[in-house]
Amino acid sequence: MSPTILSMSSSVFLKRFCWVAVSAVVLVLVLSSFVTFKLYERYVVGLAESNAVNIATSIVSVHQEKLSEALNPSLSPVQLEELDMLIKAFMGPYGIVKVKLFSLDGTVVYSNDMSIIGENSLGNKHLESALKGGQSSTIQTKNQIRDLTHEDRFDVDVVESYVAMKKPEGKVIGAFEIYQDMTFFRQEVSKGVFYFLIELAVILITVVAAAFWFVRKAAVTMVMQQKELGRLATIDTVTNLYNRAEITRRMASEWERYQRNPCAENSFGVMMLDLDHFKRINDNYGHQVGDELLRQVSAKLLSEVRAYSEVGRYGGEEFIILLPGTGLSELASISDRLLKLVAEQSYKVLGEDISLTVSIGIAASNKFDSNLDAVIKRADDNLYKAKAAGRNCVAGAA
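A short tour of the structure in this document, coming up.

1. Digging into the environment of Glu49
And then number 1: Relative to the assigned elements, Glu49 resides in helix H1 (residues 3-70).
And then number 2: Between the C-alpha atom of Glu49 and that of Ser161, which follows or precedes it by 112 residues, the distance is 5.9 Å.
And then number 3: Those residues in contact with Glu49 that lie beyond four places of it in its chain are Gln135, Ser136, Ser137 and Ser161.

Encoded structure:
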């Protein structure tokens, strides 16, 4: 082969190589950009949907009565304004830009865009899924959107989530449509892709590190928010004990465990406690003192029960304790000890020394119980017997 031909062949080869290399780089960059976008979209939608479910669960747990009233189509303007303030105050810190609340028939009973209240959205497959107890989310870019504070935002990535509004026992009573601003993710990923396209070798390292750092930072923030929302959904805000929904869920789990081997050695105990004459304390000293007393009693109960026992606030001044692996005799012994501990201690609140007593009803699971409610009802009935017997005593041991 002559030098001229070889030079021409080399030149052609190099040109073809460069063309193939450039084409391959462009193809890789395009595919990488596409895959990055799809991964980003799926991650953001999944994270936002989980966040929306936790937000819905939390606000129903904390404000169930107000939200149940909101499902009444004849809300007065004053009630609607109160609901608007409540939802904005609760959801504002979590990047929520728009909220709708639907009744079971698909009617919008609340929205921060008041003009659409009363509209019906049946036929929307995402809404119908939520009204059946599910959830559904999509991501979209809005050229302009007005947020909860009535400020206009431009070029915003929002995740639209439809989630069920459920009572603590799981019954669906409506649905939320929640828009979350996720623009932060798009900005960070776009920045990473831009660097990636400028210098392949450097950007492959820089983009991965930067994207990991930015995504990790954002994910940590959102995980922390989810943990906090999860805490609000399961913990009573006054006493820091499990709320009624969560302690009931844990008792249901213990009942399922017991059902697998329903023998005396595998039984569990339920203890219901009610602070005696607590209304007088609220009337005489005020609810601030009453709440502080509830906190002190809660701390006392937590410190005295076994590590694997579960303590919850069942409502008002009533507590419930789940004691796995506990028979009736041991349950009676623990109840007597708690009865004395509460009565013997003087509680100091805002300079006031206050004495308390407690009435306790107990029950242990047995083979005649058809369900968990039977055990709880027996403990509750025994609590009323303790009150009827003069309070500051335990009923159900015999």
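2. Thoughts on helix H9 (residues 328-344)
And then number 1: The terminal C-alpha atoms of H9 lie 24 Å apart, and with 17 residues this matches the ideal 24 Å at 1.5 Å per residue to within 8%.
And then number 2: Those residues of H9 lying buried are Leu331, Ala332, Ile334, Ser335, Leu338, Leu339 and Val342. Along the long axis of H9, the arc covered by the buried residues comes to 165°, so they all point the same way. Exposed residues lying more than 90 degrees from the buried face of H9 are Ser329, Lys340 and Glu344.
And then number 3: For H9, the elements touching its buried residues are strand E6 (268-275), helix H8 (287-304), strand E8 (318-324), strand E9 (346-349), strand E11 (358-364) and strand E12 (394-395).

3. Topic: the side chain of Ser335
And then number 1: Turning to its location among the elements, Ser335 is positioned in helix H9.
And then number 2: Residue class for Ser335 comes out buried when judged on its relative accessible area of 0%.
And then number 3: Apart from residues lying up to four places away in sequence, Ser335 is in contact with Met271, Ile360, Ile362 and Val394.

4. A few points about the nonpolar core
And then number 1: Ranked by size, the top nonpolar core spans 30 residues in total, and within it Met271, Leu273, Leu275, Leu293, Phe319, Ile321 and Leu356 carry the most contacts.
And then number 2: Looking at this core, the elements that each hand over two or more residues are E6, helix H7 (278-285), H8, E8, H9, E9 and E11.
And then number 3: Counting residues per element, this core draws most heavily on H9, at 6 residues.
And then number 4: What Leu273 contacts, discounting residues up to four positions off in sequence, is Leu301, Glu317, Glu318, Phe319, Ile321, Val358, Ser359, Ile360 and Leu383.
And then number 5: Ala56, Leu71, Ile96 and Ile178 belong to the second-largest nonpolar core, a separate cluster that totals 27 residues.

5. Details of the environment of Asp336
And then number 1: Tracing the sequence through the fold places Asp336 in helix H9.
And then number 2: Separated by 58 residues in sequence, Asp336 and Val394 have C-alpha atoms that sit 6.9 Å apart.

6. Regarding the pattern of salt bridges
Pairing between side chains of opposite charge can happen when the charged atoms of each approach one another.
And then number 1: This model, assessed by the stated rule, comprises 16 salt bridges.
And then number 2: For Lys88, the salt bridge goes to Asp84, with nearest N and O atoms at 2.9 Å. Of this pair, Lys88 and Asp84 are both found in helix H2 (residues 77-91), 4 residues apart, which corresponds to roughly one turn of the helix. Both residues of the pair, Lys88 and Asp84, belong to the buried class.

7. Overview of the sheet that holds strand E1 (residues 96-102)
And then number 1: Strand order in the open sheet formed by 5 strands is E2-E1-E5-E4-E3, with antiparallel pairing between adjacent strands. The sheet is open, and its two edges are formed by strand E2 (108-111) and strand E3 (135-146), each paired on a single side. Neighbouring strand axes in the sheet, compared pairwise and without regard to direction, differ in orientation by 20° on average.
And then number 2: Across 9 bridges, the pairing between strand E4 (residues 152-166) and strand E5 (residues 172-181) is antiparallel. Across the sheet, the residue bridging to Lys166 is Val172, located in E5.

8. Quick word on the pairing of E3
Two faces make up the sheet, and in a regular strand the side chains alternate between them.
And then number 1: Note: E3 against E4, 11 bridges, orientation antiparallel. Across the sheet, the residue bridging to Gln135 is Val163, located in E4.
And then number 2: As consecutive antiparallel partners, E3 and E4 are separated by 5 residues, and within that stretch His150 has a phi angle of approximately 65°, a positive value.

9. Concerning the packing of aromatic side chains
And then number 1: Applying the stated criterion across every chain, the model contains 4 aromatic pairs.
And then number 2: Plain terms: the ring middles of Phe102 and Tyr162 are 6.3 Å apart, the flat faces sit at 35° to each other, and that makes the pair tilted. Placement of Phe102 in strand E1 and of Tyr162 in strand E4 is noted, with a sequence separation of 60 residues between them. Neither residue differs from the other here; Phe102 and Tyr162 are each classed as buried.
And then number 3: Where Tyr258 meets Phe268, the ring centres are 5.8 Å apart and the plane angle is 85°; that geometry is what we call edge-to-face. Of this pair, Tyr258 sits in helix H6 (residues 244-260) while Phe268 sits in strand E6, and the two are 10 residues apart along the sequence. In this structure, Tyr258 and Phe268 share a single accessibility class: buried.
And then number 4: Chaining the aromatic ring pairs together yields one cluster made of Trp255, Tyr258 and Phe268.
And then number 5: Here the guanidinium or amino end of Arg244 rests over the ring plane of Tyr314, the centre of that ring lying 4.0 Å away.
And then number 6: Over the aromatic face of Tyr384 sits the side chain of Lys387, whose NZ or CZ is 5.0 Å from the ring centroid.

10. As for the packing of H6 against helix H10 (residues 372-388)
And then number 1: Contact geometry of H6 with H10 gives a least axis separation of 10 Å together with a crossing angle of 120°. Classed by the angle they form, the pair H6 and H10 counts as oblique. Helix-helix and strand crossings are classified by hand; for H6 and H10 the assignment is right-handed. Across the interface between the two elements, Thr248, Met251, Ala252 and Trp255 from H6 touch Leu372, Val375 and Ile376 from H10.

11. What to know about the packing of H7 against H8
And then number 1: It is the contact of H7 with H8, at a shortest axis distance of 7 Å, that shows an interaxial angle of 135°. In terms of axis orientation, H7 runs oblique to H8. For the pair formed by H7 and H8, the contact residues are Phe278, Ile281, Asn282 and Tyr285 on the first element and His287, Val289, Gly290, Leu293 and Leu294 on the second.
And then number 2: The class makeup of the residues in the contact of H7 with H8 is 6 nonpolar, 3 polar and no charged.

Each value, and the rule that gives it
Residues numbered from 1 in each chain as written. Predicted model: local features only at pLDDT ≥ 70, side-chain atom pairs only at ≥ 80, totals over all residues. Heavy atoms only, no water. Helix = DSSP H or I, 4+ residues; strand = E, 2+ residues; numbered from the N terminus. Contact = heavy atoms within 4.5 Å. Expected span 1.5 Å × (residues − 1). Buried < 20%, exposed > 50% of the residue type's maximum accessible area, 1.4 Å probe, protein only. Arc of directions from axis to C-beta. Core = buried A, V, L, I, M, F, W, Y, C linked by side-chain atoms within 4.5 Å. Salt bridge = Lys/Arg side-chain N within 4 Å of Asp/Glu carboxyl O. Pairing = 2+ DSSP bridges. Axes fitted to C-alpha atoms, helices over the stretch in contact; angles between N-to-C directions. Phe/Tyr/Trp six-rings, centres within 6.5 Å; stacked < 30°, edge-to-face > 60°. Lys NZ or Arg CZ within 6 Å of the ring centre and 35° of its normal. Parallel < 35°, antiparallel > 145°, perpendicular 65-115°, else oblique. Left-handed = near helix turned anticlockwise from the far one by under 90°. Nonpolar A, V, L, I, M, F, W, Y, C, P; charged D, E, K, R; others polar.

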